[in-house]
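# Secondary and tertiary structure notes
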Amino acid sequence: MRVQQGQWSRRSFLKTTAAGVAAAGVAGSFARIADAADGLRSIGLGVSEINEIQDKATKDLGFPVSGQAMGYGDMFSKMLNQNDQYEIAEGYYNDMDVMLPAKVWQPIDTKKLKDWDKVTNLTKTGRLTPESSVGQGDAPYLFLWVDEQGNKTKGPSQYISMCPAFHNADSIGYNPKATGKTIESWGELLNKQYKGKVALLNVPQIGVMDAAMAIEALGLKKFGDKGNMTKPEIDFLIDYLIPLKKAGHFRAFWENFGQSVNLMVNGEVALESMWSPAVAAIQAEGVPCVYAFPKEGMRGWHGGLAISAKVKGKQLDQAYEYINWWLAGWPAAFVARQGYYHSIPDNAKKFLAPEEWDYWYDGKPAAKDLSDPFGTVIIKKGDVRTGGSYWSRYSKIAVWNSLMDENDYLVKRWTEFLTA
Amino acid sequence: MTTVETYSTLTRTETAPRGLIGAAPPTHAEAEEVQRKYRREPGFPVPILIAPATLWLVVFLFLPLLSIFIFTFWKSTGHGMAPAFTFDNYRAFFVTEGFFDPSNPDFLTPSIFLRTLWTTFRFTISVMAICLILAYPMAYFLSMQVEDFKWQLALFLLVMVPFWTSYLIRAVAWLPMLGRHGLINEFLISIGAIDEPVSFFLYSEFSYTMALVQLYVVLAVGPIFFSLAKIDRTLLEAARDMGATPFQIFREIIAPLSLPGVAIGMIFIFVMLMGEFATAVVVYGGKTSTTGTVILNYYAIANYPFAAVNAFMLMVAMMIGVIVILRVVDIRKEL
C-alpha cells in the first residue's frame, strides 16, 4: 500500500487503526462463533466432567469436546439461565422439576440412541429388578419420559428429557476405630454418643433427607415422603435438630468433597454423610474409613446427559454422537473406578478388567489391588464393597435426591437451623 | 514533562523529614507557584473526562443495582422469575407467620432473615473492634516508632505478606493449626497442659473470629498507617515544647488527625465482613448463616426475587453502616 506523504494526520492514523482493530475484533468473534458451531461444550459436576473423559471423546469422535466441572449451585444456575453457553448438560434428574418447565433442554429422540434398549429399567420403570422398590422422592423414571415438545408424559414415550448415565447411592462414611462398631443405620448420625463428631452435608435439600432417614430410623417419626416433606414434617425435623446443634452434636456442615475428606482425615468426625469416592480418598491418607450400607436403604441420585434447547444442525448430530459414546461404555468404565454406576452395566463391563467388574459391580472381594481412574491404588486385594452388588444396592433405594414442593420453606428453616 | 519535575522538586523540600509520607507541606509561596503552574488546561472539557468512568459505573454498577432492586418486586416461578409488582418478598423477609398474632409463640419475633442480618451485623461490629485494637498499635508503631524509611517500607510489606497468597489458602491454613489433632492441641498435650484435645479451637466462633481478624486486619493497618504518617511532626514537637504529656499529644493531636484513616479502614472491613460467606464454611464448619449464605441458598434454588430482597437489604444495611461511620468522621473535612 502506498501512502502519500502528508496524507496521514495523526487523527486519521488513529481512526484507521481503531477501525482495523475493531474489524479484527469482529472478525475474531465471528471466527469464534464459527468455531463453537463445531464441537461441544459440556458442563456438570466433577463426577462426569473429568479432563480424561472429554479428551478421550475428542480423540474418539473427531471433534472437540470440552468439559467444565462446577460447584452444584453454579452448575444449576448456568444450566438454567445460560443454555447458549453449553451444548451438553451433564445434569441430575432431581433438578428436572425446574429444568423441564423452563424448557432449557430439548427432548432427546430415543430412536437416535444406539443402545437405548440396553438401558436398564432403573430409569425406565424405576425398578432395576422386578423385586426392587421404587424409593421415595424424585425417582428418575418420574422425569425421564417427555413428549416431542418436552412436556412430561405419564408413561413411556419416544422422547426423553435426559439420557440416563452415571448414578450412585450415598450413605454414611465412618471411621471404625472412632465409632468402635459397624454403622448399620442412619440413626447413628443422631446418636448422642457421637456428640461433636458428626458432620452433615450442607445442602438443605440433601441434608434434611439424611436427617429424616436418621429420625425415621430412630423411630421418632414416620415421614409420608422423605423426598417431598410437608411443612409440619420439616418443622418437626428442624425443631428436633436445633437443640442437638446447640448442644454441639455437629462438628461441621461440609459443602464440598474435599471438606468431607479432610474432616475425617483430620480426626474431626467419626461419622458423616458422605459420597462414596471420599472413602478411597480417606483411606489413601492412611485413615480407616468404611462406607455404611444402612439397613434402611441408601439415598440415591441419578445423572445423565441433556442437550441444550439451542443446539441444532451439525452440533445436534455431534451431541447425539457424544451421548452414544457415553452409552457405549468407555466413560462408564472410567467413572466406575470411582464407584459410580452406569445405565448400561454390560457396556461398562466391556471396558473393565474382570477383577474391576467383580469388585465395583458384582460386590465380590477384589482379586487384586485396584486403581482409581488416575492410577492410584485405592482398593487392596480382598476388599469388599459395602452393600454388595449393584443390583442388591439398587433394589433398596430408600429415597432419591429431590426437589421438594416446600423447597423455599425448607431453605428458610435450614437457615434457622444453621443460625441457631 | 518539565512541569512535573518542577512540581516534585517543589514538594520534596530539602528538609523533608524521615518517614514515608512525612514531607512538610509546601510553604504558601510554593503552593501558589504550584497553583499557577497547574492552572487547569483548557482543551478537555469536564464531561469528556468523566464520561468513561461514568459510563462504566452506570452500565456495570448502577444498572445492575437498579435491576436487583426491581427484581425484589418480581415473583418467583420456581424456575426463574416473572415481572410483577408484589411486596410478598419483603413480607417474607420481615415477617414470620404469626408475627401479628398475640396467641402465636412467634408473636413479634423477627423473621429468620432479619435475625440473620442482625447476627451478621453484630458479628461484623465485634470483628471490626478487634481489628481496630490490633491494627492501630501496629500502624502507630510503623509510622511513629520506626525511624528509617527502608525499615518502614520493609515492615509494612511484611504486614501485607498474607495478601500475597489467595484468600482461600489463608483461611484453610488455620485447619492444621486449630484442629483436634492440630499444632496447638498437639503442643498443649505434649507439655501436659491438657489430656484430651480441645475441640473449641476449630469450627467454633473462636476460630471464625480469629480467621476473620487475620484476613481483614491488614485492610485497617494500611489506611491508619498512611494517615498517621501524614501527620506533621512539627505539631508534635510544638506540643512537646509546650509541655504536653505523651497521652495529651495522642489525645489532642494524633488521635483526631488519624481518624480519617481509621474511618476508611473500618469502612473497608465493614463492607467486606457484611458480605462474608465463604470463611464460615472453612473455619466455622458452616455452622452459621450470614446474609451472604442466605442469598446464595436462594440463588441456588432459583428463587431470584427473594435472593434479591436479601441482597438489597444487605446493601441498605451496609449503606447505613457506612453513613454512620462517615457521620462520626467527616473524611472530606479531615483530609
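Bear in mind that the values here come from a model prediction, so they are computed numbers and not experimental data.

What counts, and at which threshold
Residues numbered from 1 in each chain as written. Chains lettered and ligands numbered in written order. Predicted model: local features only at pLDDT ≥ 70, side-chain atom pairs only at ≥ 80, totals over all residues. Helix = DSSP H or I, 4+ residues; strand = E, 2+ residues; numbered from the N terminus. Buried ≥ 20, exposed ≤ 12 C-beta atoms within 10 Å, placed from the backbone. Contact = placed C-beta atoms within 7 Å. Nonpolar A, V, L, I, M, F, W, Y, C, P; charged D, E, K, R; others polar. Axes fitted to C-alpha atoms, helices over the stretch in contact; angles between N-to-C directions. Parallel < 35°, antiparallel > 145°, perpendicular 65-115°, else oblique. Left-handed = near helix turned anticlockwise from the far one by under 90°. Pairing = 2+ DSSP bridges. Core = buried A, V, L, I, M, F, W, Y, C linked by C-beta atoms within 7 Å. Domains from an automatic or database assignment. pLDDT = per-residue confidence, 0-100. Expected span 1.5 Å × (residues − 1). Bend = angle between axes of the 7 residues up to and from the residue.

## Remarks on the overall build of chain A
Summing up its helical and strand segments, chain A has 17 helices and 18 strands in all. Dimensions along the principal axes, computed over C-alpha positions, put chain A at roughly 90 × 50 × 45 Å. Taken over 420 residues, chain A has a buried fraction of 48%. Look at the contacts in chain A between residues 6 or more apart in sequence, and 71% of them connect residues 24 or more apart.

## A few points about the overall build of chain B
The secondary structure content of chain B amounts to 16 helices and two strands. By the burial criterion, 30% of the 335 residues in chain B qualify as buried. For chain B, long-range pairs separated by at least 24 residues make up 65% of all intrachain contacts whose partners lie at least 6 apart in sequence.

## What about the interface of chain A and chain B?
With 28 residues of chain A at the interface, the matching set in chain B holds 28 residues. For the side of chain A that touches chain B, the secondary-structure elements that each account for two or more residues are helix H3 (72-81), helix H4 (96-102), strand S11 (250-254) and helix H17 (407-419) of chain A. Residue contributions to the side of chain A that touches chain B peak at eight residues, all from H17(A). When grouped by side-chain class, the residues that make up the side of chain A that touches chain B number 12 nonpolar, 10 polar and six charged.

## Details of the packing of helix H9 (residues 231-246) of chain A against H17(A)
Residues and elements named next belong to chain A. The N-to-C vectors of H9 and H17 enclose an angle of 15°; their axes lie 9 Å apart at closest approach. The pairing of H9 with H17 is recorded here as roughly parallel in orientation. Crossing of H9 over H17 shows right-handed handedness. Here Lys231, Ile234, Asp235, Ile238, Leu241, Ile242 and Lys245 of H9 lie close against H17, whose contacting residues are Tyr409, Leu410, Arg413, Glu416 and Phe417.

## Thoughts on unusual backbone geometry
Even without glycine at this site, A:Lys103 takes up a positive phi of about 55°. If you trace the backbone, A:Lys103 turns up in the loop between H4 and strand S4 (105-106). The exposure class of A:Lys103 is partly exposed, given the 14 C-beta atoms found within 10 Å. The backbone phi angle of B:Ala302 is positive, close to 65°, even though this residue is not glycine. For B:Ala302, a count of 23 C-beta atoms within 10 Å gives the class buried.

## A closer look at the sheet that holds strand S7 (residues 145-146) of chain A
Reading across from one edge, S5-S8-S7 (chain A) is the order of the three strands in this open sheet, with antiparallel pairing throughout. The sheet terminates laterally at strand S5 (108-109) and S7 of chain A, the two strands that pair on one side only.

## Some points on the nonpolar core
Grouped together as the largest cluster of nonpolar side chains are 187 residues, with contacts concentrated most on A:Ala199, A:Ala212, A:Leu271, B:Ala220, B:Ile224 and B:Ile269. Top contributing element to this core by residue count: helix H10 (residues 205-229) of chain B, with 14 residues. Domain assignment of the residues forming this core places at least three in each of domain 1 (40-161 + 300-328) and domain 2 (169-297 + 396-419) of chain A.

## Some thoughts on the confidence of the model for chain A
For chain A, the mean per-residue pLDDT works out to 89, and 91% of the residues sit at or above 70. Low pLDDT, under 50, characterises residues 1-14 of chain A; the predicted model gives this stretch two contacts beyond four residues in sequence or across chains.

## Some thoughts on the domain arrangement of chain A
Residue and element names in this part refer to chain A. We note that the domain assignment places domain 1 (40-161 + 300-328) and domain 2 (169-297 + 396-419) within chain A. Tallying the contact residues gives 15 residues for domain 1 and 16 residues for domain 2. Each residue belonging to the side of domain 1 that touches domain 2 can be placed in one class, and the counts come to five nonpolar, seven polar and three charged.

## So, the confidence of the model for chain B
Residues and elements named next belong to chain B. With 86% of its residues at a pLDDT of 70 or more, chain B has an overall mean of 85. Scored below 50 in pLDDT, residues 1-20 makes 29 contacts in the model with residues more than four places away or belonging to other chains. We note a pTM of 0.83 for the whole complex and an ipTM of 0.81 for its interfaces.

## Structural notes on H17(A)
Over its 13 residues, H17(A) extends 18 Å from the first C-alpha to the last, a length consistent with the 18 Å expected when each residue adds 1.5 Å. The buried fraction of H17(A) is high, at 11 of 13 residues. Among all positions of H17(A), only A:Asn407, A:Leu410, A:Val411, A:Lys412, A:Arg413, A:Trp414, A:Thr415, A:Glu416, A:Phe417, A:Leu418 and A:Thr419 are buried. Lining the buried residues of H17(A) we find helix H8 (204-217), H9 and S11 of chain A together with helix H5 (112-145) and helix H14 (291-300) of chain B.

## Overview of helix H12 (residues 246-274) of chain B
Look at H12(B): only 36 Å from first C-alpha to last across 29 residues, short of the 42 Å you get at 1.5 Å a residue. In the structure, H12(B) departs most strongly from a straight axis at B:Leu259, where the bend amounts to approximately 45° and where the proline B:Pro260 lies between one and four residues downstream.

## Re the pairing of strand S10 (residues 198-201) of chain A
Residues and elements named next belong to chain A. Neither face of S10 is open: one carries Val198 and Leu200, the other Ala199 and Leu201, and all of them are buried. Judged from the four bridges that link them, S10 and S11 form a sheet pairing that is parallel. Within S11, the residue paired with valine 198 across the bridge is phenylalanine 250. Of the pairings in the sheet, the one linking S10 to strand S12 (residues 271-274) comprises two bridges and is parallel in character. Bridged to valine 198 within S12 is leucine 271.

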